[in-house]
Amino acid sequence: MSANITPPPKADIPAPADGQIVAIAEDIWWIRMPLPFRLNHVNLYVLLADDGLTIIDTGIYSDHIAQCWQNLLAAPPFTDYPVRRILVTHYHPDHIGYAYALSELTGAEVLMSRIEHQKSVTLTTMTDAAFADMMVDRYRAYGFDQTILNDLIERGNHYSDKTTRTPDARYIDAGDTLAGISGQWHIRCDRGHSEHHIGLYDPDRRIFLSGDFLLPRITPNIATPLAGPVDDMLGHYFAYLADILTWGDDWLVLPGHDWAFHAVSTRAAGLIQHHQGRLMQLLDQADQAPLTVTSAMDVLFPMELNEHERYFASGEAHAHLYHLVKQNALTCDTDQHGVEYYAPR
Ligand SMILES: [Zn+2]
């Protein structure tokens, strides 16, 4: 969620305006949907197969997005071909939020990875109280003060605001393929930004639909998942980056946010360097005094953060500290108030 590495140049493909669609190949379209956050849009894609269209991701659930979809579905390519499938890359609301409504509107089946689907079901069906309990437990360990914990209780389930319902889905997994009219899309599943995120690539045309795992301007948020056991998400993301580092820079990357670009290896190398730099910053600070997640946030994100940004920043600070624990560089001890302290081993 930082923007401090030199971004790769834009590919020569003009981005659509909010709520608009542009064709970028005979079988690929790009849609941009607005988001009510500092990151103010999400990119969706549409692929053409012999039997019809596959929509990749949907935008959040809101009246405005409903209107955008209504306009889009009334024009080509949606008036030329039936929508057969809606593929959701991962459970975050900007990607899955409108999937249930869109599947109702189009009659298309939804494709997801099992883990991302189950995650969305868990979060959409949580009561406000259960969701707040989960957040308060985690935020207390992070070292947030009582005013912020009280805000969480008042806020309730913020996931289900933007993803009112999780659609039924057919599960797909790494190694599966999706036929297109100009080639085969191969599915990969990765951990890091989320837990079993789907990316699609066509190795013949060297086109990569990278979802939220490889973005040109900001670094993807690498955060400890809220529900479920703590996991080394940064370690998983390093493994992903090490894998794509060997791909070269001649791929066209169509990402989940910002612009299309050509620079898989250079971007992966920049992201590895970025996170390693963040880990060094935290180790230096931990040498002065034990860190909490909130004090690590001050190191990594020295800026005013709103509630939404605080959520991402705290998850990311925790993921970095937890990675250092897994690397045996830090220890983690919990005090009598339930706050975690990270100190050099
Ligand atoms: Zn995401």
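Details of the structure are given in the entry above.
Residues numbered from 1 in each chain as written. Predicted model: local features only at pLDDT ≥ 70, side-chain atom pairs only at ≥ 80, totals over all residues. Heavy atoms only, no water.

## As for the overall build of the protein
Then, number 1: Within the protein one finds 11 helices and 14 strands.
Then, number 2: Seen along its three principal axes, the alpha-carbon backbone of the protein occupies a region of about 65 × 45 × 35 Å.
Then, number 3: Buried residues in the protein amount to 56% of all 345 residues.
Then, number 4: In the protein, of all internal contacts separated by at least 6 residues, the share reaching a separation of at least 24 is 64%.
Then, number 5: If you sum the accessible surface of the protein, you get close to 14,400 Å²; carbon and sulfur atoms cover 49% of it. (Helix = DSSP H or I, 4+ residues; strand = E, 2+ residues; numbered from the N terminus. Buried < 20%, exposed > 50% of the residue type's maximum accessible area, 1.4 Å probe, protein only. Contact = heavy atoms within 4.5 Å. Areas by Shrake-Rupley, 256 points an atom, 1.4 Å probe, with all protein chains shown as cover.)

## Overview of the packing of aromatic side chains
Then, number 1: What the rule picks out here adds up to 14 aromatic pairs.
Then, number 2: Here the aromatic cluster, defined as three or more aromatic residues joined through ring pairs, consists of Tyr201, Phe208, Trp247 and Trp251.
Then, number 3: Sitting over the face of the ring of Trp259, Lys10 holds its NZ or CZ atom 4.9 Å from the ring centroid.
Then, number 4: Just above the ring of Phe301 sits the side chain of Arg278; from NZ or CZ to the centre is 5.1 Å. (Phe/Tyr/Trp six-rings, centres within 6.5 Å; stacked < 30°, edge-to-face > 60°. Lys NZ or Arg CZ within 6 Å of the ring centre and 35° of its normal.)

## Re the environment of Gln146
Then, number 1: Structurally, Gln146 can be placed in helix 6 (residues 146–155).
Then, number 2: Gln146 sits in the partly exposed class, given a relative accessible area of 47%.
Then, number 3: Considered as a pair, Gln146 and Lys326 are 180 residues apart in the sequence and their alpha carbons are 29 Å apart.

## Let's talk about the sheet that holds strand 9 (residues 183–190)
Then, number 1: Overall, mixed pairing links the 5 strands, which are arranged 8-9-10-11-12 in an open sheet. Since the sheet does not close on itself, it has two edges, and those belong to strand 8 (177–180) and strand 12 (252–255), each with one partner. Averaged over all adjacent pairs, the angle separating strand axes in this sheet is 25°, with direction ignored.
Then, number 2: As paired elements, strand 9 and strand 10 (residues 197–202) share 5 bridges and run antiparallel to each other. If you follow His186 over to strand 10, its bridge partner there is Tyr201. (Pairing = 2+ DSSP bridges. Axes fitted to C-alpha atoms, helices over the stretch in contact; angles between N-to-C directions.)

## Description of the packing of helix 8 (residues 233–244) against helix 9 (residues 264–288)
Then, number 1: In contact at an axis separation of 9 Å, helix 8 and helix 9 are set at 150° when each is read in the N-to-C sense. In terms of axis orientation, helix 8 runs roughly antiparallel to helix 9. In terms of crossing hand, the pair formed by helix 8 and helix 9 is left-handed. Residue-level inspection shows Leu234, Tyr237, Phe238, Leu241, Ala242 and Ile244 of helix 8 in contact with helix 9, the latter providing Val264, Ser265, Ala268, Leu271, Ile272, His275, Gln276 and Leu279.
Then, number 2: Residue classes in the contact of helix 8 with helix 9 are distributed as 11 nonpolar, 3 polar and no charged. (Parallel < 35°, antiparallel > 145°, perpendicular 65-115°, else oblique. Left-handed = near helix turned anticlockwise from the far one by under 90°. Nonpolar A, V, L, I, M, F, W, Y, C, P; charged D, E, K, R; others polar.)

## A few points about the coordination of the zinc ion
Then, number 1: With distances of 2.1 to 2.3 Å, the protein atoms coordinating the zinc ion are His90 (NE2), His92 (ND1), His193 (NE2) and Asp212 (OD).
Then, number 2: Taken together, the 4 donor atoms coordinating the zinc ion and their angles of 90 to 174° define a geometry best described as irregular.
Then, number 3: Spacing between the donor residues of the zinc ion along their common chain follows H-x1-H-x100-H-x18-D. Within this pair, whereas His90 is found in the loop between strand 5 (83–87) and helix 2 (93–96), its partner His193 is found in the loop between strand 9 and strand 10, the two being separated by 103 residues in sequence. Both residues of the pair, His90 and His193, count as buried. (Donors = N, O, S within 2.8 Å, 3.2 Å for Na, K, Ca; no water. Tetrahedral: all angles 85-135°; square planar, octahedral: opposite > 155°, others 65-115°.)

## Quick notes on the sheet that holds strand 1 (residues 20–25)
Then, number 1: With mixed pairing, 7 strands are arranged side by side in an open sheet as 1-2-3-4-5-6-7. Here the strands that pair on one side only, and so sit at the sheet edges, are strand 1 and strand 7 (170–171).
Then, number 2: One ladder, built from 5 bridges, connects strand 1 with strand 2 (residues 28–34); its direction is antiparallel. When the sheet's bridge partners are listed, Gln20 is paired in strand 2 with Arg32.
Then, number 3: Lying on the sheet, helix 3 (residues 99–106) is in contact with strand 4 (52–56), strand 5 and strand 6 (109–112); it crosses strand 5 at an angle near 170°.

## Comments concerning empty space enclosed by the protein
Then, number 1: Following the criterion strictly, the structure yields 1 cavity of 30 Å³ or more and no others.
Then, number 2: Each pocket or cavity is described by its volume, and for the largest cavity that value is around 50 Å³.
Then, number 3: Looking at the largest cavity, the residues that line it are Asn43, Tyr45, Ile56, Asp57, Thr89, His95, Ile198, Leu200, Leu209, Gly211, Leu254 and Gly256.
Then, number 4: Broken down by secondary-structure element, the contributors of at least two residues to the lining of the largest cavity are strand 3 (41–49), strand 10 and strand 11 (207–211).
Then, number 5: Of the residues assigned to the lining of the largest cavity, the class counts are 6 nonpolar, 5 polar and 1 charged. (1 Å grid on protein atoms, 1.4 Å probe; cavity = no way out; pocket = protein on both sides within 12 Å on 5 of 7 lines; lining within 4 Å. Points joined across faces, edges and corners; volume = space filled by probe spheres on them.)

## Overview of the packing of helix 5 (residues 128–142) against helix 6
Then, number 1: Contact pair helix 5 / helix 6: the axes reach a minimum separation of 9 Å and the direction vectors enclose 165°. In terms of orientation, helix 5 and helix 6 fall into the roughly antiparallel class. The chirality of how helix 5 crosses helix 6 is right-handed. Taking contact as the criterion, the partners of Ala132, Met135, Val136, Tyr139 and Arg140 in helix 5 are, on helix 6, Ile148, Leu149, Leu152 and Ile153.
Then, number 2: Among the residues forming the contact of helix 5 with helix 6, the class breakdown is 8 nonpolar, no polar and 1 charged.

## Notes on the layout of surface pockets
Then, number 1: Counted as a void, the second largest pocket has a volume near 190 Å³.
Then, number 2: Around the second largest pocket, the lining residues are Gly143, Phe144, Asp145, Ile148, Thr294, Met297, Asp298, Phe301, Met303, Glu304, Leu305 and Arg310.
Then, number 3: A per-element tally of the lining of the second largest pocket places helix 10 (residues 293–300) first, with 3 residues.
Then, number 4: By residue class, the composition of the lining of the second largest pocket is 6 nonpolar, 2 polar and 4 charged.

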